[in-house]
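What follows is each chain in one-letter form.
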Amino acid sequence: MISAGIDIGSITAKCVILQDHKILAYRILKVKPDLEESAKEIFEETLKLSGLKREEIDRIVATGYGRARVDFADKKITEITCHAIGATFLIPEARTVIDIGGQDSKVIAVENGKVLDFVMNDKCAAGTGRFIEVMANALGLKIEQVGELALKAKEKLKISSTCTVFAESEVVSYISAGRKVEEIIAGVCDAIAGRLMAMVARVGVRREVVLTGGVAKNMGVRRAIEEKLGFQVIVPEEPQIVGALGAAVLGTK
Amino acid sequence: MRKLQSSERMRELMAGYYMQGHQAEFNAWITSGAPVELLYAMDIYPVYPENHGALIGATKLGSYYSDFAERNGFSRDLCSYARCDLGCVFAGTSPIGGLPKPTFLFACNNICNTVVKWYEVLSRIFKVPLFILDTPFIRKELKESHLRYVEEQLYDFIKFSEKITGRELEERRLKEVISKSIEGVSLYSQCLLTARNKPSPMNCFDAFVNMAPIVCLRGTEHAVNFYIDMKKELEERIKNGISAIEKEEIRLLWDNIPVWYRLRWLGEFFESKNACLVADTYTNAWTGFGELKSTDIISSMAEVYTLSYLNIGMDRTAEIINRLIDLYDVDGVVMHSNRSCKPYSFGQYEIQKKLSVPTVIIEADMVDERIFSEAQVVTRLEAFLEML
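All figures in this text were calculated on a predicted structure; none of them were measured in a lab. (Residues numbered from 1 in each chain as written. Chains lettered and ligands numbered in written order. Predicted model: local features only at pLDDT ≥ 70, side-chain atom pairs only at ≥ 80, totals over all residues.)

With that settled, the discussion passes to the overall build of chain A. Helix and strand content of chain A: eight helices and nine strands. Relative to the 2.2 N^0.38 estimate, which gives 18 Å for 253 residues, the radius of gyration of chain A is 18 Å and therefore close to what a compact globule would have. With the C-alpha coordinates of chain A rotated into their principal frame, the extents come out at 60 × 35 × 30 Å. Buried residues in chain A amount to 52% of all 253 residues. Put simply, of all contacts in chain A between residues at least 6 apart along the chain, 70% involve residues at least 24 apart. (Helix = DSSP H or I, 4+ residues; strand = E, 2+ residues; numbered from the N terminus. Rg over C-alpha atoms; globule rule 2.2 N^0.38 Å. Buried ≥ 20, exposed ≤ 12 C-beta atoms within 10 Å, placed from the backbone. Contact = placed C-beta atoms within 7 Å.)

With that out of the way, let us pick up the pairing of strand β5 (residues 250-255) of chain B. Residue and element names in this part refer to chain B. Counting buried positions over the six residues of β5 gives five, a clear majority of the element. In this fold, the crossover linking β5 to strand β6 (residues 275-280) by way of helix α12 (residues 263-272) has right-handed handedness. Of the pairings in the sheet, the one linking β5 to strand β7 (residues 332-338) comprises four bridges and is parallel in character. Bridge pairing in β7 links L252 to G332. (Right-handed = clockwise from strand over helix to strand, strands pointing away. Pairing = 2+ DSSP bridges.)

Before going further, it helps to spend a moment on the domain arrangement of chain A. Residues and elements named next belong to chain A. What the domain assignment lists for chain A is domain 1 (1-91 + 239-253) and domain 2 (94-235). Averaged C-alpha coordinates put domain 1 and domain 2 at centres separated by 25 Å. With seven residues, the top contributor of residues to the side of domain 1 that touches domain 2 is helix α2 (residues 79-90). (Domains from an automatic or database assignment.)

Let's shift gears to the interface of chain A and chain B. A common way to report how large an interface is uses the accessible area buried once the components associate. The interface of chain A with chain B comprises eleven residues on the first partner and eleven residues on the second. Breaking the side of chain A that touches chain B down by element, the ones donating at least two residues are α2 and β8 (114-120) of chain A. If you tally residues by element for the side of chain A that touches chain B, the top one is β8(A), at three residues. Along the lines of polarity and charge, the residues of the side of chain A that touches chain B split into six nonpolar, two polar and three charged. (Nonpolar A, V, L, I, M, F, W, Y, C, P; charged D, E, K, R; others polar.)

Here the focus is the packing of helix α3 (residues 129-138) of chain A against helix α6 (residues 181-203) of chain A. Residues and elements named next belong to chain A. Two elements in contact, α3 and α6, have axes separated by 10 Å at closest approach and are oriented at 165°. Considered as vectors, α3 and α6 are oriented roughly antiparallel to each other. The crossing of α3 and α6 is right-handed. Along its contact with α3, which presents F131, I132 and M135, the element α6 presents I185, V188 and I192. (Axes fitted to C-alpha atoms, helices over the stretch in contact; angles between N-to-C directions. Parallel < 35°, antiparallel > 145°, perpendicular 65-115°, else oblique. Left-handed = near helix turned anticlockwise from the far one by under 90°.)

All names here are of chain B. The end-to-end C-alpha distance of helix α1 (residues 5-21) is 25 Å, a good match for the 24 Å that 17 residues give at a rise of 1.5 Å each. Of the residues making up α1, those classed as buried are S6, L13, M14 and Y17. In an axial view of α1, the angular spread of the buried residues amounts to 100°, which keeps them on one side of the axis. Away from its buried face, by an angle of more than 90 degrees, α1 presents the exposed residues Q5, E8, E12, A15, G16 and M19. Each element contacted by the buried residues of α1 is listed here: α10 (212-216) and α11 (221-239). (Expected span 1.5 Å × (residues − 1). Arc of directions from axis to C-beta.)

For the rest of this paragraph, the subject is helix α6 (residues 114-126) of chain B. In this model, α6(B) (13 residues) spans 18 Å end to end at C-alpha, consistent with the 18 Å of a helix rising 1.5 Å per residue. Looking at the packing, one finds that the buried side of α6(B) touches β1 (27-30), α5 (80-91), β3 (104-108) and β4 (130-133) of chain B.

Right, let's get into the sheet that holds strand β2 (residues 45-47) of chain B. All names here are of chain B. Read from one edge to the other, the open sheet built from four strands follows the order β2-β1-β3-β4, with strand pairing classed as parallel. In the strand order of this sheet, the two ends are held by β2 and β4, each with one partner. On average, adjacent strands in this sheet sit at an angle of 25° to one another, irrespective of strand direction. Pairing of β1 with β2, which is carried by three bridges, proceeds in the parallel orientation. Paired with W29 across the strands is V47, a residue of β2.

All names here are of chain A. Spatially, β3-β2-β1-β4-β5 is the arrangement adopted by the five strands of the open sheet, whose pairing is mixed. Each edge of the sheet is formed by a strand with only one pairing partner; in this case those strands are β3 (22-30) and β5 (75-76). Packed onto the sheet, helix α1 (residues 35-50) meets β1 (2-8), β2 (12-19) and β3 and runs at close to 140° relative to β3. Along the sheet face, helix α8 (residues 242-251) touches β1, β2, β3 and β4 (59-63) and points at about 145° away from the line of β1.

Any two packed helices are characterised by how steeply their axes cross, that is the angle between the axes, and by the distance between the axes. All names here are of chain B. It is at 9 Å that the axes of α1 and α11 come closest, and there the two elements cross at 165°. What the angle tells us is that α1 and α11 run roughly antiparallel. In this structure, the crossing between α1 and α11 has a hand that is right-handed. Between α1, through Q5, S6, R9, M10 and L13, and α11, the contact on the second element is made entirely by H222, F226, D229, M230 and E233. Here the contact of α1 with α11 is composed, by residue class, of four nonpolar, three polar and three charged.

Moving on, we get to the nonpolar core. Among the nonpolar cores identified, the biggest contains 202 residues, and A:I6, A:I185, A:A248, B:L105 and B:L252 are the most heavily contacted of them. For this core, the element with the highest residue contribution is α6(A), accounting for ten residues. Composition of this core by domain shows at least three residues from each of domain 1 (1-91 + 239-253) and domain 2 (94-235) of chain A. (Core = buried A, V, L, I, M, F, W, Y, C linked by C-beta atoms within 7 Å.)

What follows deals with unusual backbone geometry. Note the cis peptide between A:R207 and A:E208, where omega equals 0°. With respect to the secondary-structure elements, A:E208 resides in the loop between α6 and β9 (209-212). Residues B:K198 and B:P199 are joined by a peptide bond in cis, for which omega reads -5°. Considering the arrangement of structural elements, one finds B:P199 in the loop between α8 (171-193) and α9 (204-209).

Here we come to the confidence of the model for chain B. When pLDDT drops low, the exact placement of atoms in the prediction is not to be read closely. Chain-level statistics for chain B give a pLDDT mean of 96 and a share of 100% at 70 or above. Of the two predicted TM-score estimates for the complex, the pTM is 0.90 and the ipTM is 0.84. (pLDDT = per-residue confidence, 0-100.)

Our focus in this paragraph is the environment of A:G129. All names here are of chain A. Tracing the backbone shows G129 in helix α3. For G129, a count of 26 C-beta atoms within 10 Å puts it in the buried group. Ignoring anything within four residues of it in the chain, the contact list for G129 reads I11, I100, G101, G102, G214 and V215.

Residues and elements named next belong to chain A. Pairing of β2 with β3, which is carried by eight bridges, proceeds in the antiparallel orientation. Bridge pairing in β3 places A13 opposite L29. Two successive antiparallel strands, β2 and β3, enclose a turn made up of two residues, where D20 displays a positive phi of approximately 40°.

And the structure:
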């Protein structure tokens, strides 16, 4: 049984090809405004990487906010279910999944590969990847630099996490006040973690806690979350593909 | 969705109701939770700005009319019924050509406290008298002092309206109206209860669409006749095995005021997932008015209207929802966190913890379509249904 999971997110498209519990290939690409095109592209590229032909894929499952646009998928399942399944596939002890994506963040309670409860961020970009993107932009940083730089900070500056636009103006005023970039960015990471903690509290924390989504790669955010939780979280080797992986796993069922 | 014939009759009935308003000698603008029976008993025509707001929402003109109020300095955070109502007043029209100018205003704060300020504004604009029926919020138990306080105001209100209209409230007429009100509410409740059947012959969207008569015409023959017919149609459906949606696999309960501009969209969404929203807390709130008594009218009125669904503490609200969960045997609750309606939405996260089945919260607004984010709502609802 070979299945493909395609996750069309707000910023990136991800695809995982899975054969009997083994990941054959995966790929991450920037998403284009034409979601159908993005879906085809990510699928074909991953297919090429796996060395398989289209006919050899038994099932395709789409997820992510663009899932409805993947018209060649056999099934469409929300990213909540897929992240829960993907995280449990990699880490069977997972009980809480925190996924921070481009425009959505969610906290999911899982057990035996089933979603027990979930909470998503309010209608607001604060607490999502977009928040970091905007702040990195204001600071003239590349998104990949953010995490490492945040770890260098000796002090965290306070940034409110209520609104991305207002937070950006806070960042700008810190810059003009001559504050250190790493201290500002550490404050940004802390603001996101604070926002997520409010969601975690609603679902309830149960170990192990798995961090997924593109933002999980950001060491600054990860450390801020761990500080607030008081223990270490588990981050899969490639946290960004967990949703696509979950979709692929569901495709084998 | 299989449309009820009653919905067509309701449209005709309500068109007649709105038309009548322009011919009435006296009319009062009234809040949805106020004792309308007193008005009908004195032949004062009741005008419902909230119903009008729902109508504006359903015609997807919420933001258009709201803009007129916002340009006059009213905050976007204000209730969208209030914004649309004031907006229509400023615009001088509405989808139905505006509401008739009020003789006086009658606001009861058993549904929210926005109505107090909203009606004060109306009173200043139209330069007409306003009566505020102040019902104390019942956090735990209803006390004798609460009842006396409300009862006295009801007598004051009778004097107030008698003075304005020069008419006298006849006891015989009041009794008639009360008995029609009780009969109407009872028939209405029986309509809603048909949804206990599996599969359900109606869903909450049918209930939303057909609630206008129990709100606006409660206490009249029209509401009684309407719900007699609707009940007949629903019983006929049960007999013939006709369900509200094609395939009912999941039964759900809706909480809060509907998202009026997305009724059809939501209806089709749930139907495509074989999920039927068999009942809701909103339309069920009116079944409580059935506790009126034709003897001891004023004191029973004080009690019934003080204990309205949005005027009680969170524990009681949760109790009521749990009762509906059992009664309609639902698998989950969809809670609409309504940007407009603070008293209805406040506490949902706490109430959620007290309920016996899983819940999902979606953020939207009853009338202001700018608040609705389709992709976010779809993901939450789909994930919830996958979970169930």
